[in-house]
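The chain contents come next:
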Amino acid sequence: MSLISVIVTTYNWPEALQLCLDSLLAQTDRDFEIVIADDGSLPESRDKAQSYCKDAPVPVVYVHHEDRGFRAGTIRNKAAAKSRGEYLLFVDGDCLLMPDFISRHRRLAETGYFVPGNRILLSRGFTNQVLAERLPIYLRRWPYFWWLRLLGRINRISALLHLPLGKLRYFQPRKWEKAMTCNLGVWKSDFIAVNGFDELFEGWGYEDSDLVIRLIHAGVRRKEGRFAVSVLHLWHSSNDKSRQDLNYQRLMERLAREDFKIAERGVVQYLPEPASTTR
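Since the model is a prediction, treat every value here as computed from it, not as a measurement. (Residues numbered from 1 in each chain as written. Predicted model: local features only at pLDDT ≥ 70, side-chain atom pairs only at ≥ 80, totals over all residues. Heavy atoms only, no water.)

Enquirer: Even after reading the chapter, I still don't get the pairing of strand E3 (residues 60–64), so can you show me in this structure?
Expert: Looking down a regular strand, the side chains alternate between one sheet face and the other. Relative to E3, strand E2 (residues 32–38) runs parallel, the two being bridged by five bridges. Bridged to Ile34 within E3 is Val60. For the crossover that starts at E2, traverses helix H2 (residues 43–53) and ends in the parallel E3, the hand is right-handed. (Pairing = 2+ DSSP bridges. Helix = DSSP H or I, 4+ residues; strand = E, 2+ residues; numbered from the N terminus. Right-handed = clockwise from strand over helix to strand, strands pointing away.)

Enquirer: I would appreciate a short explanation of the pairing of strand E7 (residues 118–121) in the present structure.
Expert: On E7, burial follows the alternation: Asn118 and Ile120 on one face are buried, whereas Arg119 and Leu121 on the facing-out side are not. By the bridge criterion, four bridges tie E7 to strand E10 (residues 230–233) in an arrangement that is parallel. Bridge pairing in E10 links Asn118 to Ser230. (Buried < 20%, exposed > 50% of the residue type's maximum accessible area, 1.4 Å probe, protein only.)

Enquirer: So what exactly am I meant to see when it comes to helix H5 (residues 124–133) here?
Expert: Since one α-helical turn is 3.6 residues long, residues separated by three or four positions face the same way. Residues of H5 that are buried include every one of Phe126, Thr127 and Val130, and no others. Angular distribution of buried residues about the axis of H5 spans 105°; they occupy a single face of the element. Turned more than 90 degrees off the buried face of H5, the exposed positions are Arg124 and Ala132. Residues of H5 that are buried in the fold lie against helix H1 (14–24), strand E5 (95–97) and helix H6 (142–150). Arg134 sits one or two positions beyond H5 and adopts a positive phi of about 50°. (Arc of directions from axis to C-beta. Contact = heavy atoms within 4.5 Å.)

Enquirer: Would you take a moment to explain the packing of helix H8 (residues 207–217) against helix H9 (residues 244–255) for this structure?
Expert: Packed helix pairs are characterised by how far apart their axes lie and by the angle those axes make with each other. Put simply, H8 and H9 touch, their axes get as near as 10 Å, and they point 5° apart. As the angle between them shows, H8 and H9 are arranged roughly parallel. Contacts from Ser209, Asp210, Ile213, Arg214 and His217 of H8 reach H9 at Leu251, Arg254 and Leu255. For the contact of H8 with H9, a count of residues per class yields three nonpolar, two polar and three charged. (Axes fitted to C-alpha atoms, helices over the stretch in contact; angles between N-to-C directions. Parallel < 35°, antiparallel > 145°, perpendicular 65-115°, else oblique. Nonpolar A, V, L, I, M, F, W, Y, C, P; charged D, E, K, R; others polar.)

Have a look at this one:
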């Protein structure tokens, strides 16, 4: 594998996105591109992000659509269609990545598998401090995070452990729970084969679970990324969950259908048309 495409989802929070991009530009593995998936930010937010990315030392692509409510699956599809890498890493723009995040995901990537990582949640007060002071906490060492945990500024520290789990990483190959697109690696070919995210999932909830379930139905298996790749997730208020129940009902129906693999409205609509051949 060569180029990795890191797809960063954002919406009207340029301060968090800037910190996320700071952590990406501090990666030890530099063979990646950034594709920003902007779910309808206001012009001033877009301008801040695009200005910051102008002189980035890695390629950056900015994909935006108009704000018509929470459509994370749609903008991620559009971003994936613009990506050039053969492996996709989905992260959220309110997540900070440790310097070895991409290199560790690269080592975990394996044909026939998707890799979900886990996260550490920052408290509300500490999030405000990190943003106000633009603290590069992703560069800090283990003792610093012990101190944060003792002060209640993060919810756990175990996710930062790096454990050689070996065959245990393959222990639950069909588990779909707790695989979230704030930290998910998947081969682009597998993503396209199941038609990416299903845009029928509008509003908050379960579009990432639906993707993982369809990958599993298509024969792609889970390789556990916890205790290898984690993200630091900034606190934010909850999204509008008015469509959560409807989305969950659709998810349960699809979970029961082993033959359901292809999104009804997905990424294929944004892919470039194959070049025509003439005799």
